[in-house]
Amino acid sequence: MVESSAVAGVFVVALGMVLTPGPNMIYLVSRSVTQGRRAGIISLGGVAVGFAVYLVATNLGVSALFVAVPELYTAVRLAGAAYLAWLAWNALRPGGVSVFTPQDVSHDPPRRLFTMGLMTSLLNPKIAVMYLSLIPQFVDIDAGDVLAQGLLLGSVQVAVSVGVNLAIVLAAGGIAVFLARRPSWLRVQRYAMGAVLGVLAVSLALDTRSATDGRTG
């Protein structure tokens, strides 16, 4: 029902998005570096639930709103581009800080860690853009059962994002120490991520496709 090319497309998009620093990565890294892997994993649980909320909401018809009101789709697309451009500027500006630079944060109990992870995910514009603007473009209306396709493709994104974020959580402490001893590597990482974010921002801003192009309707 779902072509392998669609699955591969979502995989690539999801991988590119999760590897660019955003609220989720920053929060998970900060917790893992300052409070330990257990705190990072608990926080990741909240982030994953946020993904699931977007997955279900989008496939139950939220995307139809963008078809009915194309101006709203355009507004979300431009807001997403502006957000990515802001992240790029923060990475590239003089005095910018790498996502792996340790930050001072308070030590929170498990319930708060989970809740903060959930809220960080739900309020993450990058995830909203992913579910409302990008993933639906891989759904083939002619293939039938649009809901099942959307859920399957969304599950690919969840699996990729959770897997990559889990690896980052487990490795964050070691990466932070490694980069702290090599300031030049921190700058390279920061500039590389800033460049990727900038390219994504420009690409999204210049995308003139309408909400109905290759979407679920």
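Quantities reported herein were computed from a predicted structural model and do not represent experimental measurements.

**Student:** Whenever I open this one, the environment of Gly40 confuses me. Can you help?
**Tutor:** Among the structural elements, Gly40 can be located in helix H3 (residues 37–68). The buried category is assigned to Gly40, whose relative accessible area is 0%. Sequence separation between Gly40 and Val29 is 11 residues; the distance between their C-alpha atoms is 7.2 Å. Beyond its immediate sequence surroundings of up to four residues, Gly40 is in contact with Leu28, Arg31, Ser32 and Val169.

**Student:** Sorry, what's going on with the side chain of Ser43 here?
**Tutor:** Along the chain, the position of Ser43 falls in helix H3. A polar contact of 2.9 Å, which involves the side chain of Ser43, links it to the backbone oxygen of Ala39. Residues within four places of Ser43 in sequence aside, it is in contact with Tyr27, Leu28, Arg31, Leu113 and Gly117.

**Student:** Where do I start with empty space enclosed by the protein in this structure?
**Tutor:** In this approach a probe as big as a water molecule rolls over the atoms, and the regions it shows empty are the leftover space. Throughout the structure, instances matching the rule amount to 1 cavity of 30 Å³ or more. Empty space within the largest cavity amounts to approximately 110 Å³. Residue lining of the largest cavity: 14 residues in total, with Met17, Val18, Asn24, Lys126 and Ile127 positioned closest to the centre. Among the elements of the structure, helix H1 (4–18), helix H2 (23–35), helix H6 (125–134) and helix H7 (146–180) are those that each provide at least two residues to the lining of the largest cavity. Split into classes, the residues belonging to the lining of the largest cavity amount to 7 nonpolar, 6 polar and 1 charged.

**Student:** For this particular structure, what's the right way to read a nonpolar patch on the surface?
**Tutor:** A cluster of nonpolar side chains, namely Val56, Leu60, Leu147 and Leu151, defines an oily patch on the protein surface of about 350 Å² accessible area. Elements with a contribution of two residues or more to the nonpolar patch: H3 and H7. Following the sequence through the fold, Leu60 ends up in helix H3.

**Student:** What exactly am I supposed to notice about the nonpolar core here?
**Tutor:** Most often, soluble globular proteins have nonpolar side chains that are buried together. In terms of nonpolar packing, the biggest core is built from 34 residues, with Leu28, Phe51, Met130, Tyr131, Ile135 and Leu153 touching the most fellow members. Within the residue set of this core, elements represented by two or more residues are H1, H2, H3, H6 and H7. If near-sequence neighbours (up to four positions away) are discounted, Leu28 is found in contact with Gly40, Ser43, Leu44, Val47, Asn165 and Val169.

**Student:** Looking at this structure, how should I read the packing of H2 against helix H5 (residues 110–122)?
**Tutor:** Packed helices, taken two at a time, are described by the angle between their axes plus the distance between the axes. At a minimum axis separation of 9 Å, H2 and H5 run at an interaxial angle of 160°. Our classification of the angle between H2 and H5 gives roughly antiparallel. As H2 packs across H5, the resulting crossing turns out to be right-handed. Facing H2, whose interface residues are Pro23, Asn24, Tyr27, Arg31 and Gln35, H5 presents Arg112, Leu113, Met116, Gly117, Thr120 and Ser121. When its residues are assigned to classes, the contact of H2 with H5 shows 4 nonpolar, 5 polar and 2 charged.

Reading the values: rules and limits
Residues numbered from 1 in each chain as written. Predicted model: local features only at pLDDT ≥ 70, side-chain atom pairs only at ≥ 80, totals over all residues. Heavy atoms only, no water. Helix = DSSP H or I, 4+ residues; strand = E, 2+ residues; numbered from the N terminus. Buried < 20%, exposed > 50% of the residue type's maximum accessible area, 1.4 Å probe, protein only. Contact = heavy atoms within 4.5 Å. Polar contact = N/O pair within 3.5 Å; in protein donor to acceptor, adjacent residues only side chain to side chain. 1 Å grid on protein atoms, 1.4 Å probe; cavity = no way out; pocket = protein on both sides within 12 Å on 5 of 7 lines; lining within 4 Å. Points joined across faces, edges and corners; volume = space filled by probe spheres on them. Nonpolar A, V, L, I, M, F, W, Y, C, P; charged D, E, K, R; others polar. Patch = residues over 30% accessible without salt bridge, like charges linked within 9 Å, V, L, I, M, F, W, Y side chains within 5 Å. Areas by Shrake-Rupley, 256 points an atom, 1.4 Å probe, with all protein chains shown as cover. Salt bridge = Lys/Arg side-chain N within 4 Å of Asp/Glu carboxyl O. Core = buried A, V, L, I, M, F, W, Y, C linked by side-chain atoms within 4.5 Å. Axes fitted to C-alpha atoms, helices over the stretch in contact; angles between N-to-C directions. Parallel < 35°, antiparallel > 145°, perpendicular 65-115°, else oblique. Left-handed = near helix turned anticlockwise from the far one by under 90°.

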